[in-house]
Each structure stands twice: as structure tokens, then as C-alpha cells.
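Geometric and topological summary
For reference, the chains in residue letters:
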Amino acid sequence: MFDWDAFDFETRAVRAGQQRSNEQEQGEPIFTTSSFVYETAAEAAARFSGELPGNIYSRFTNPTVRTFERRLAALEGGERCVATASGMAAILSLCLALLRAGDGIVASRSLFGSTHLLFDRYLARFGITTRYAALADLDSWREAIGPTTRLLFLESPSNPLLEVADIPALAELAHRHGALLVVDNCVMTPALQRPLALGADLVVHSATKYIDGQGRCLGGAVVGREELMEEIYSFMRTAGPTMSPFNAWVFTKGLETLSLRMRAHCESALLIARWLSEQPEVARSYYPGLADHPQHRLAVRQQSGFGGLVSFELAGGREAAWAFIDATQLLSITANLGDTKSTITHPATTTHGRLSPQDRAAAGIGDGLVRISVGLESATDLIADLERGLLACRPYLEERGDKSG
Ligand SMILES: *Cc1c(COP(=O)(O)O)cnc(C)c1O
């Protein structure tokens, strides 16, 4: 096998993990088989005992899934990767493999909604408790850590407000307390940020987002060092949230264009964020690539790009936000992100709609907040579409202006 560390990211993205079969194929084949067969009873015994490594059953291993795992591990710079049926299955697997009753998690308050529910509603039932910290405030992490803390869990940049966590500082803090740092790297992907090199112990992904990049399949993955991954693999093969071979093939092909796609997402997102920040209807825009973003310098230090998500606050509240969204013609109204097609979301009434108004306010999700996942359409066409949104929301701003004036 190659030593993939010796190759550049773009080369690893296209080549790592592929094993050609006797058919001499150029593309990666899809092994749609539930189980594998042997020449003799003795060989079967040796495969099952692990004396002869190899495939037994696709809940355990599958060659197509393994190709994806090896390629993603090479891109994240981790020793081993375990692929799962979804991003949530990856988070569940790592928690159940590494934690037991009495253990604690400290997580960033701004977290993917289902991750929040998993921690608070389900893991709590099994005696695993979660405390929350403000993502960009180290002191708040220090205060939340206790003697039972085993795991620090964060997403950086956060969604939808795009705050940035100091990953090296949090890794150091975690390790000082004998805890592991887990980073959900879904919004950045390894093309823009490699948390393991910054000191994190594990990276989790929803491959559903940028790794697929075209909105076709659900999948997830965990990457890290062998000793932790063996525990997670062991749980995954026993409990069964396995990635399907077809999805693994889609994600493998997705990784081949990841670098190019992320570069294009970043370029357009920066143009759009700059343009939005100049519009009078926009009270505030959130993008780590803007020089006035509170963690701009940190983002420059630990990321190699600022990503494809842009959020902004319209002064006119919910009415203005809905009028803006409804007036766009090109953008898809959906909460998904990481697609070639740009999407537009009103977080307060969709992804964060289940929170109480007080919790929403505490999380900084205003009624006028709009989030865009910038796709691969031309930035000029996207800005023209957003201009339609601005025109449509103007009456709501003026109405407000009249009331307050
Ligand atoms: C979508 C998402 C997840 C969950 O992934 P699924 O593939 O939908 O299960 C987890 N974390 C983040 C940041 C996400 O955006």
C-alpha cells in the first residue's frame, strides 16, 4: 500500500483506498452482497476467528465501504475510519462505544438539532449527562467541565451563526481533564479543516452534506486513532448502523471532487457575504471570511477556507425574512446544506423551531435570521436572486421604521 501522507490532498482524494480487483477496473466497483463465501470449511473457520483477515458479512465489512473509509481516513489524516448509515449514526456509535452510565459530555450550545436531542433525551436515559458551553468562550468550557467529563463535543464553525471554536485550545483543555475532543467537521470537510492535526481525538461527519455534495444519499463516518476506532468499529458491527455499499460508492466519488467543490463554494460565499454586508436591509451578516467577524483571525489560523454557509439578519423580523425567502426563485427553500444547489432557510421556524422563544434568543437565532448554503450556481445569478429577496422585504423594514419612528 502507498503511504498516503506523502501525497497532496487532491491526489489522496482521487486515489486513496482504491484496491483494484482481478478485473483491472479503473472505477471503484460496488459490492452489493450481504455475505461472502469461502473455498473450504477450514477457510470459513479461519475467517470467522480472524486468523485470516477478510470479509464475512457486510454489516462488519464490505469492500466498497472500506474504500470510502480508507479514502476519508487519508483525507482527515486519521489512522482509521468507520462509516455509518448517517451522520447521527456516527455520533450515536461513538458515544455508545466510548461512554458508560455516569459519564458526562460537554458540548457546544450551538449544535445540530438532532445531536442536541440525542444527548438530552436519549443518552440522558442511560445516565450520560450533557452540559453546554458557549462555543467561542473558553471560560465557559472550563466552567462546564467536571470530574465525570469524558467527551468534549463541538461543531466549528457553528450552524447557522458561524461562530468558530479554538480547536487547539479546547483539545488541550480536554486532555488536561482526561477527556477526548470530538469535532463534527461536516460544515468544513477535510478540504478546509483537519481537526485531528489541530489536536482533536475524533472527527465525525455527516457525509450527507458536502462529502456527497449533490444531495443524493445519507451517510456518516468517524475518524481517529486505531485504539478508539477499534471500540467504535466493534460497537458499529454489533449494533448495525452500517453504511450501504451503494452510498459508500457515491461518497467515494464525492470525495474525488471535494477540493474543487469546496473552493467554488468558498469563493461564491465570500462574494455573497460581502455583498450582503453592504445592503441597508441587512442588519448583520455572519461569515468567518469577513474581516469584522469576531473570530476571523482564528478562522484564518485553523481553516484553509471559510466554507459555503452564509447567514444574515434582516431588520424586519420574521415577516421580512419570509418575504425575502419567498421572493427568491433560484434558491431551494430547504434546510439541507452542502448541495450543488443553493438552499435558503429560516432557522427560527424550521431547524430551531422546536426551541422555546427564550432558548432561541439565548442561542442568538433571531426572527429575521436567514441562512444560505451557497451552491455551485454562478455567484452573479445568486446575487440577482438575493436582490429579488431584498426588494420584497423592503415594505416590512419601512413599516418597522414608521412604528419605531
Ligand atoms: C446533518 C448534520 C448532522 C446529521 O447528519 P445526518 O446524515 O443527517 O444524520 C450532524 N451534524 C451536522 C453539523 C449536520 O449538519
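Reading guide: rules and limits
- Residues numbered from 1 in each chain as written.
- Predicted model: local features only at pLDDT ≥ 70, side-chain atom pairs only at ≥ 80, totals over all residues.
- Heavy atoms only, no water.
- Helix = DSSP H or I, 4+ residues; strand = E, 2+ residues; numbered from the N terminus.
- Rg over C-alpha atoms; globule rule 2.2 N^0.38 Å.
- Buried < 20%, exposed > 50% of the residue type's maximum accessible area, 1.4 Å probe, protein only.
- Near = heavy atom within 4 Å.
- Polar contact = N/O pair within 3.5 Å; in protein donor to acceptor, adjacent residues only side chain to side chain.
- Areas by Shrake-Rupley, 256 points an atom, 1.4 Å probe, with all protein chains shown as cover.
- Nonpolar A, V, L, I, M, F, W, Y, C, P; charged D, E, K, R; others polar.
- Phe/Tyr/Trp six-rings, centres within 6.5 Å; stacked < 30°, edge-to-face > 60°.
- Lys NZ or Arg CZ within 6 Å of the ring centre and 35° of its normal.
- Pairing = 2+ DSSP bridges.
- Core = buried A, V, L, I, M, F, W, Y, C linked by side-chain atoms within 4.5 Å.
- Domains from an automatic or database assignment.
- Contact = heavy atoms within 4.5 Å.
- Salt bridge = Lys/Arg side-chain N within 4 Å of Asp/Glu carboxyl O.

A separate point is the overall build of the protein chain. Scanning the protein chain from N- to C-terminus turns up 14 helices and twelve strands. Since a compact globule built from 405 residues should have a radius of gyration of about 22 Å, the 22 Å found for the protein chain is in line with a globular shape. Seen through its C-alpha atoms, the protein chain measures out along the principal axes to roughly 85 × 50 × 35 Å. Looking at the 405 residues of the protein chain, the share that counts as buried comes to 55%.

Another point: the site of the ligand. Residues in contact with the ligand, as listed here, are Ser86, Gly87, Met88, Phe112, Glu155, Asp184, Cys186, Ser206, Thr208, Lys209 and Gly219. A distance of 2.8 Å is found between an oxygen atom of the ligand and a side-chain nitrogen or oxygen belonging to Ser206. Against a free-state accessible area of 380 Å², the protein chains account for coverage of 92% of the ligand. For the shell around the ligand, the class distribution of residues is three nonpolar, five polar and three charged.

This paragraph deals with the packing of aromatic side chains. The tally for this structure, following the rule as stated, stands at seven aromatic pairs. Aromatic pair Phe119 and Phe153: ring centres 5.4 Å apart, planes at 90°, arrangement edge-to-face. Of the two residues, Phe119 sits in helix H5 (residues 113-122) while Phe153 sits in strand S4 (residues 149-155), which places them 34 residues apart along the sequence. Positioned above the aromatic ring of Phe60 is the side chain of Arg237, whose terminal nitrogen or guanidinium carbon lies 3.8 Å from the ring centre.

What follows covers the sheet that holds strand S11 (residues 343-345). With respect to topology, five strands assemble into an open sheet ordered S8-S9-S12-S11-S10, the strand pairing being mixed. Looking along the sheet, the strands with just one partner apiece sit at the ends: strand S8 (282-286) and strand S10 (332-333).

To continue, consider the nonpolar core. Membership of the largest hydrophobic core comes to 37 residues, with the highest contact counts inside it found for Phe68, Leu72, Ile211, Met243, Phe251, Leu255 and Leu258. For this core, the elements supplying multiple residues, two or more each, are helix H1 (9-15), helix H3 (63-76), strand S1 (80-84), strand S7 (220-224), helix H9 (245-256) and helix H10 (258-277). The element best represented in this core is H3, accounting for five residues. Mapping this core onto the domain boundaries places at least three of its residues in each of domain 1 (4-30 + 62-256) and domain 2 (259-399). Once you skip the residues sitting within four places of it in the chain, Phe251 turns out to touch Phe68, Ala207, Thr208, Ile211, Asp212, Cys217, Leu218, Gly219 and Met243. Formed by 31 residues, the second largest nonpolar core is a distinct cluster that contains Leu276, Phe306, Phe324 and Leu382.

Taken domain by domain, the protein chain comprises domain 1 (4-30 + 62-256) and domain 2 (259-399). The distance between the C-alpha centroids of domain 1 and domain 2 comes to 25 Å. The interface is formed by 31 residues belonging to domain 1 together with 38 residues belonging to domain 2. Counting the contacts that link domain 1 with domain 2 gives one salt bridge. Arg263 is the partner of Glu10 in a salt bridge, and the nearest nitrogen-oxygen pair spans 3.6 Å. The interface formed by domain 1 and domain 2 contains 13 residue pairs in polar contact (both at pLDDT 80 or more). Counting residues per element, the ones that place at least two in the side of domain 1 that touches domain 2 are H1 and helix H7 (167-176). For the side of domain 1 that touches domain 2, the class distribution of residues is 18 nonpolar, eight polar and five charged.

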